[in-house]
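If you want the building blocks of each chain, they are given just below.
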Amino acid sequence: MKRFITTPIYYPNSKPHIGSAYTTIVSDFFARLYRELGYKTYFLTGVDEHGEKIQKSAESKGKSPQELVDEMADSFKAAWKKLGISYDRFIRTTEDGHKKLVRDVLRKVYEKGDIYKDVYEGYYCVGCERYYTEKELMPGLLCPYHHKPVEKKRIDAYFFKLTKYKDELLKYFKENPKFLSPKYKEEILNKMDDIKDICISRPVSQVSWGITLPFDEGHVAYVWFDALLNYMSGLDGKMEFWPPDLQFMGKDIIWFHSVLWPAMLISAGYELPKREIAHGFLTVDGKKMSKSLGNVIDPLEVAERYSVDTLRYYLLTKVPFGDDGDFSWKGFKEAHNSELLGHYGNLANRLAKLWQRAFGDSKGESPKELDERFKKLENIKEKIIELAEANDVEKLLNFYGESFLHGIGDINAYLNEKEPWRKEGEEAKEILRNTLEAFLYMTTLLKPLLPVSTKKVMESFNINLNIKDVELGKLGDEATIPEELMLFKKVEE
RNA sequence: AGCGGGGUAGGGUAGCCUGGAGUGCCCGCCGGGCUCAUAACCCGGAAAUCGGUGGUUCAAAUCCACCCCCCGCUACCA
């Protein structure tokens, strides 16, 4: 039982934004979940450091490309650290191991006869000294920077025989219906009708910051051919994790992962990934996020103003996976104050205070007899295991959102009904033992969703549980009960 | 234009593939309970012709056809 989970490697021409944070948090949730369930898990993320933009950006800043990407890689690592991302490996495409692997694969594919030299015809801007695609140009075929007409120019380039694998890809899609991301499946299938061979090289004269082709040092590899292979080089030879089980990404790059990527792997002779899965984009108050609108939400700011868990909780349970999702500061505040603090945080403190009052000491105890209503909490765990085995990411996210509210709500309702504060002695104690037992159990199940606050609970109660082994019944006996516990701070503004 | 996704109470969603009483969840609103807890918790209620029209069926939010509205994609940019 293993799971290999990946995020795309991000292009570090700016610091991490909410989109990359979203993908990474989703991936992190699943990595944590599978670890909790006892799977051998490998969670890979990183940065894609080659290409013309990095090269140009470094020039304009008077730095070498390597200096620039070193800085950017650090800024990504720092951001993920603040957000508590539990990656096993942070891959950088400028690493020697990665470069070597890319060249090895290119050679294999070349020797197989799947790469050929042909003429690339493109729109060339003399001022920019580079080629543009038609889509990038302004109306009237003008260069977007110089606003001058571009010229059609022909150049030698290498092409990958994507068309050769069309039938094999279609067969794989058919036999593995979960491979393609549900919301984008039809779109990919339709596009398969007119796929073309893809140009996979750039002349060194245009882009020098890249990996040169092993069979022609005058060209560097097209970024996608370079970047996609991070999923293999990032394993550092631990091929027992191959192939990837869950590859997360934004919907903009699903085509490359669904078509080009598996075709490359077939050509090079590797097993194909299990699921390519895309999420939607995030809008703010219904509008696209953009610098010009000034409505860009910085994930680190959310984490600071509210908490890391608030950001996670919101993204994982409030944004419908696969579709575009809207969010707002108001939404964060509600999720934070009403759901996380009100239901969960308040319950933790409520339990701690009631316990002190009834027992007068901090020694935990399990119930003599577990209340009937709490036995159904075990169904939550079973359902999680079942959905996890099936790799059903959408249902898992939905289920977690609902289980949180139901599970915690049930415990609060139990307290309201039993009113232990109006009772004395053994009767009050047994109610609280039940509450404690259910609370610890739910907390364990919530670890992947709320890693920071559940860890705080575990530490405060001096206990260490995981989803795989946790069983209702004797959890309380192992715990010590804190005098009070504030998991979330109320945010007024 | 082609293709794809979406249109379910005031807002946001799940359900649709594998038809079976409008069934669920969050926010908001109204009423009640509790007062142990971070004015937090719990219970109840109002509110929807499930985008429209037609069809299949004993039965349609769910299947089929057409139409309307919103959004996105159309790859050799990173």
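Chains are numbered independently. Their residues run from 1 in the order of the written sequence. Lettering for chains starts from A, numbering for ligands starts from 1, and both go in the order in which the items are written. It should be noted that, the model being predicted, local features are given only for residues of pLDDT at least 70 and side-chain atom pairs only at 80 or more, the latter also being counted only at that level, while totals for whole chains, interfaces and linings use all residues. The side-chain numbers reported here are obtained from all heavy atoms of the structure, hydrogens and water having been left aside.

Caption draft 1: The arrangement of helix 12 (residues 329–359) in detail. The axis of helix 12 is deflected most strongly, by about 50°, at L341. By definition, any uninterrupted DSSP run of H or I lasting at least four residues is a helix, any uninterrupted run of E lasting at least two residues is a strand, and each is numbered from the N terminus. Note on helix 12: the residue one or two positions beyond its end, G360, has a positive phi of about 75°. What is called the bend at a residue is the angle between a pair of axes, fitted to the seven residues leading up to and ending at it and to the seven starting from it.

Caption draft 2: Up close: helix 4 (residues 96–111). Here, expected helix span is obtained from the residue count minus one, scaled by 1.5 Å. A rise of 1.5 Å per residue sets the reference length of helix 4, with its 16 residues, at 22 Å; its end C-alpha atoms lie 22 Å apart and thus fit the reference within 8%. Positive phi appears at G113, one or two residues downstream of helix 4, with a value of about 90°.

Caption draft 3: Highlighting the nonpolar core. The set of buried Ala, Val, Leu, Ile, Met, Phe, Trp, Tyr and Cys residues whose side-chain atoms join them within 4.5 Å is what this entry labels a nonpolar core. To sort residues, take the accessible area from a 1.4 Å probe on protein chains only and compare it with the maximum for the residue type: under 20% means buried, over 50% means exposed, and anything in between is partly exposed. Ranked by internal contacts, the top residues of the largest apolar core, which has 95 residues, are F30, L33, Y344 and F461. For this core, the element with the highest residue contribution is helix 12, accounting for eleven residues. In this description, contact between two residues means that some pair of their heavy atoms is separated by no more than 4.5 Å. Apart from the residues within four sequence positions on either side, L33 is in contact with I384, A388, L396, Y400, P448 and I467. Counting 55 residues, the second largest nonpolar core, distinct from the first, contains F160, Y184, M192 and L260.

Caption draft 4: Quick look at the packing of helix 15 (residues 393–418) against helix 16 (residues 425–445). Helix 16 packs onto helix 15 with a crossing angle of 170° between their chain directions and a minimal axis gap of 10 Å. Taken together, helix 15 and helix 16 sit at an angle that is classed as roughly antiparallel. Taking contact as the criterion, the partners of Y400, S403, F404, G407, I408, I411, Y414, L415 and K418 in helix 15 are, on helix 16, E430, I431, L432, N434, T435, A438, F439, M442 and L445. Residue classes follow a fixed rule: Ala, Val, Leu, Ile, Met, Phe, Trp, Tyr, Cys and Pro count as nonpolar, while Asp, Glu, Lys and Arg count as charged, and any other residue, Gly among them, counts as polar. Looking at the contact of helix 15 with helix 16 residue by residue, the classes come out as twelve nonpolar, four polar and two charged. For helices, the axis comes from a line fit to the C-alpha atoms of the stretch in contact; other axes are also lines fit to C-alpha atoms, and the angle between any two N-to-C directions lies between 0 and 180 degrees. These descriptions rest on fixed angle ranges, namely under 35 degrees for roughly parallel, over 145 for roughly antiparallel, 65 to 115 for roughly perpendicular, and the rest for oblique.

Caption draft 5: Geometry of the sheet that holds strand 9 (residues 212–213). Note: two strands are recorded as paired if DSSP finds a minimum of 2 bridges between them. Within the open sheet, the three strands sit side by side as 8-10-9. Their pairing is antiparallel. The open sheet is flanked by strand 8 (201–203) and strand 9, the only strands paired with a single partner.

Caption draft 6: Region of the structure containing the sheet that holds strand 1 (residues 2–10). The strand order across the open sheet built from five strands is 3-2-1-11-12, with neighbouring strands paired in parallel fashion. In the strand order of this sheet, the two ends are held by strand 3 (89–92) and strand 12 (276–279), each with one partner. Averaged over all pairs of adjacent strands, the angle between strand axes in this sheet comes to 25°, irrespective of strand direction. Strand direction decides the pairing type here: strand 1 and strand 2 (residues 40–47), joined by seven bridges, are parallel. Opposite K2, over in strand 2, you have K40 as the bridge partner. Of the strands in this sheet, strand 11 (246–250) and strand 12 are in contact with helix 9 (residues 254–268), which crosses strand 12 at around 170°.

Caption draft 7: Here's a closer look at the pattern of salt bridges. Here a salt bridge means any side-chain nitrogen of Lys or Arg lying within 4 Å of a carboxyl oxygen belonging to Asp or Glu. Taken as a whole and assessed by the stated rule, the structure comprises 32 salt bridges. With its nearest N and O atoms 2.8 Å apart, the salt bridge here joins R32 to D28. Of this pair, R32 and D28 both sit in helix 1 (residues 18–36), four residues apart, roughly one helical turn. A residue is classified by how much of its surface remains accessible, and D28, at 0% relative accessible area, is buried. Residue D392 pairs with K395 through a salt bridge whose shortest N-O separation is 3.9 Å. By relative accessible area, which is 17% here, D392 ends up buried. Sharing partners across several salt bridges, the network here consists of E365, E426, E430 and R433.

Caption draft 8: Expanded view of unusual backbone geometry. The residue after W242, namely P243, is reached through a cis peptide bond having omega 0°. With phi around 55°, N391 is a residue other than glycine that occupies positive phi space. Among the secondary structure elements, N391 is positioned in the loop between helix 14 (377–389) and helix 15. On the basis of relative accessibility, which here comes to 8%, the residue N391 falls in the buried class. A positive phi angle, near 55°, is found at N462, a position not held by glycine. Structurally, N462 is set in the segment after helix 17 (451–460). Given the relative accessible area of 53%, N462 is considered exposed.

Caption draft 9: Representation of the packing of aromatic side chains. Classification of ring pairs rests on two measures: the distance between centres of Phe, Tyr or Trp rings, Trp counted by its six-membered ring, which must be within 6.5 Å, and the angle between planes, read as stacked under 30 degrees, edge-to-face over 60 and tilted in between. Throughout the structure, instances matching the rule amount to 31 aromatic pairs. Taking 6.4 Å as the distance between ring centres and 65° as the angle between the ring planes, the aromatic pair formed by W242 and Y270 counts as edge-to-face. Placement of W242 in the loop between helix 8 (230–233) and strand 11 and of Y270 in the loop between helix 9 and strand 12 is noted, with a sequence separation of 28 residues between them. For W242, a relative accessible area of 9% puts it in the buried group. Classification of Y270 as partly exposed rests on a relative accessible area of 23%. Between the aromatic rings of Y314 and F332, the centroid separation amounts to 4.7 Å while the plane-to-plane angle is 55°, which identifies the pairing as tilted. Placement of Y314 in helix 11 (residues 308–317) and of F332 in helix 12 is noted, with a sequence separation of 18 residues between them. An aromatic cluster is built from F4, Y42, Y231, F241, W242, W261 and Y270, whose rings are joined through pairwise contacts.

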